[in-house]
Amino acid sequence: MNSDVKLLKNNTAQVGIGTLIIFIAMVLIAAVAASVLIQTSGVLQQQAQSTGKQATQEVSSNLIVKSIEGVRAKNSSTVMSSDISLLKVKVGLNVGSSPVDLNQLIITLSDGSNTNDLLYGNNDKTYGNSMANFSSSASASANLGKLLTGTQASPGDNAKYFFTVQKIRDEDLSFSQANPIMNTGDLVTMYISVVSDTDLSYTTISGVSTSGDQKDSNLDIAPRASVSIVMTPEAGAMTIAEFITPSSYGTRETIQLYP
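Residues numbered from 1 in each chain as written. Predicted model: local features only at pLDDT ≥ 70, side-chain atom pairs only at ≥ 80, totals over all residues. Heavy atoms only, no water.

1. Topic: a nonpolar patch on the surface
Alright, step 1. On the surface, a nonpolar cluster with roughly 490 Å² of combined accessible area is contributed by Leu20, Phe23, Ile24, Val27 and Leu28.
Alright, step 2. Position of Leu28 relative to the elements: it lies in helix 1 (residues 12-60).
Alright, step 3. A relative accessible area of 53% means that Leu28 is categorised as exposed. (Patch = residues over 30% accessible without salt bridge, like charges linked within 9 Å, V, L, I, M, F, W, Y side chains within 5 Å. Areas by Shrake-Rupley, 256 points an atom, 1.4 Å probe, with all protein chains shown as cover. Salt bridge = Lys/Arg side-chain N within 4 Å of Asp/Glu carboxyl O. Helix = DSSP H or I, 4+ residues; strand = E, 2+ residues; numbered from the N terminus. Buried < 20%, exposed > 50% of the residue type's maximum accessible area, 1.4 Å probe, protein only.)

2. Structural notes on the nonpolar core
Alright, step 1. Leu87, Val89, Met190, Ile229 and Met231 are the most contacted members of the largest nonpolar core, which totals 49 residues.
Alright, step 2. When residues in this core are grouped by element, the largest group, five residues, is from strand 2 (residues 86-93).
Alright, step 3. When near neighbours in sequence (up to four residues on either side) are disregarded, Val89 contacts Val65, Ser67, Ile68, Val188, Thr189, Met190, Ile192, Ile229 and Met231. (Core = buried A, V, L, I, M, F, W, Y, C linked by side-chain atoms within 4.5 Å. Contact = heavy atoms within 4.5 Å.)

3. Thoughts on the side chain of Asp199
Alright, step 1. Locating Asp199 in the fold gives a position in the loop between strand 8 (187-193) and strand 9 (204-205).
Alright, step 2. Among the polar contacts made by the side chain of Asp199, one reaches the side chain of Ser81 at a distance of 2.4 Å.
Alright, step 3. With near-sequence residues (within four places) excluded, Asp199 lies in contact with Ser81, Asp83, Ile84, Ser85, Val194 and Gln214. (Polar contact = N/O pair within 3.5 Å; in protein donor to acceptor, adjacent residues only side chain to side chain.)

4. Some thoughts on the pairing of strand 1 (residues 63-71)
Alright, step 1. Strand direction decides the pairing type here: strand 1 and strand 2, joined by eight bridges, are antiparallel. Each bridged residue has a counterpart across the sheet, and for Gly70 the counterpart in strand 2 is Leu87.
Alright, step 2. Strand direction decides the pairing type here: strand 1 and strand 13 (residues 254-258), joined by four bridges, are antiparallel. By the bridge assignment, Ile68 is partnered in strand 13 with Tyr258. (Pairing = 2+ DSSP bridges.)

5. Brief notes about the sheet that holds strand 11 (residues 226-232)
Alright, step 1. Taken in spatial order, the nine strands line up as 12-11-4-5-6-8-2-1-13 in an open sheet, and their pairing is mixed. Only two strands of the sheet have a single partner each, and these edge strands are strand 12 (239-244) and strand 13. Between one strand axis and the next, the sheet turns by 25° as a mean value, whatever way the strands run.
Alright, step 2. Contacts between helix 2 (residues 140-149) and the sheet are confined to strand 2, strand 6 (162-169) and strand 8, with strand 6 contributing the most and set at about 160° to the helix. (Axes fitted to C-alpha atoms, helices over the stretch in contact; angles between N-to-C directions.)

6. Description of helix 2
Alright, step 1. Of the positions making up helix 2, those classed as buried are Ala140, Asn143, Leu144, Gly145, Leu147 and Leu148.
Alright, step 2. Here the buried face of helix 2 lies against strand 2, helix 3 (158-161), strand 6, strand 8, strand 9 and strand 10 (208-209).

7. So, the pairing of strand 6
Alright, step 1. Strand direction decides the pairing type here: strand 5 (residues 115-120) and strand 6, joined by two bridges, are parallel. For Leu119, the partnering residue across the bridge sits in strand 6 and is Phe162.
Alright, step 2. As paired strands, strand 6 and strand 8 are joined by five bridges and run antiparallel to one another. Pairing of Gln166 across the sheet is with Thr189, part of strand 8.

8. Quick word on the pattern of salt bridges
Alright, step 1. For the structure shown, the criterion picks out two salt bridges.
Alright, step 2. The closest approach of N and O atoms between Lys74 and Glu253, which form a salt bridge, is 3.2 Å. Here Glu253 lies in the loop between strand 12 and strand 13 and Lys74 lies in the loop between strand 1 and strand 2, a separation of 179 residues in the sequence.
Alright, step 3. Between Asp170 and Lys167 there is a salt bridge; the shortest N-O distance is 3.7 Å.
Alright, step 4. Owing to a relative accessible area of 10%, Asp170 belongs among the buried residues under this scheme.

9. Things to note about the confidence of the model for the chain
Alright, step 1. Across the chain, the average pLDDT comes to 88, with 87% of residues at 70 or higher.
Alright, step 2. Every residue in residues 56-60 scores below 50 in pLDDT, and together they form eleven contacts with partners more than four places removed in sequence or on other chains. (pLDDT = per-residue confidence, 0-100.)

10. Observations regarding the side chain of Ser217
Alright, step 1. Inspection of the secondary structure puts Ser217 in the loop between strand 10 and strand 11.
Alright, step 2. Take Ser217: its relative accessible area is 0%, and that puts it in the buried class.

11. Considerations on the packing of aromatic side chains
Alright, step 1. The tally for this structure, following the rule as stated, stands at four aromatic pairs.
Alright, step 2. Ring centres of Tyr120 and Phe134 lie 5.6 Å apart, and the angle between their planes is 75°; this geometry places the pair in the edge-to-face category. Here Tyr120 is found in strand 5, whereas its partner Phe134 is found in the loop between strand 5 and helix 2, with 14 residues between them in sequence.
Alright, step 3. Judged by its relative accessible area of 0%, Tyr120 falls in the buried class.
Alright, step 4. The class for Phe134 is buried, based on a relative accessible area of 12%.
Alright, step 5. Aromatic ring contacts, followed pair by pair, group Tyr120, Phe134 and Phe163 into a single cluster. (Phe/Tyr/Trp six-rings, centres within 6.5 Å; stacked < 30°, edge-to-face > 60°.)

Here it is in structure tokens:
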């Protein structure tokens with residue numbers, strides 16, 4: 001018997017292979033896209049955390065000026081300068097504030113006519129030298145004496161470029177003359193020289209013997225003077241204290257100026 005053999009052509013397999021190729025390509029594209037998205041989201045997350053931390057620090061970290069006293073230079077209990085020779089600025093930190101490094105603090109002080117930008121005595125970065133004769137192992141009163149009388153070739157008289165600090169309260173012992181770090185609850189007094197050219201003959205300022213060697217700060221805090229103090233920390237908001245000195249200092253050696 002004769003039989004006919006017929007060969008059937010089936011193209012279904014070719015269609016399946018094409019679909020498989022397209023599927024594999026889509027999987028690869030999706031994998032690459034997912035990898036890019038994961039990497040990008042990771043970078044964005046790190047940037048968001050860093051930005052959030054910096055924003056929180058900027059908002060919460062700031063100094064609070066508790067009070068400002070002015071001290072007049074004198075030769076005796078009755079012979080005193082007609083101007084303020086030293087500012088004693090009592091400063092604390094806001095509630096919840098991050099630690100503040102006073103070594104990076106800039107104090108801008110203006111008497112209405114002249115302005116001084118002051119750094120902490122141990123800072124040698126901005127002006128190229130730290131305060132002349134500053135000692136990180138010395139007492140705050142000793143460094144105050146050097147602030148009032150010290151000078152060097154660069155940047156010049158200490159009184160025009162630096163301030164010093166004395167701690168009042170420091171429960172965690174984080175504050176020292178070498179590393180003036182303030183934490184929440186700490187309280188310090190910042191000493192700012194405002195010796196005028198009329199104060200150079202007096203021998204004592206705030207209990208510190210200067211023997212008439214104090215240097216002119218280029219500032220003049222006379223009665224009725226308009227004074228502005230701006231404190232700019234490394235991170236955080238600026239602190240501003242403005243006041244007008246009394247119309248007369250009378251016979252007082254120490255005068256309450258702010259608040």
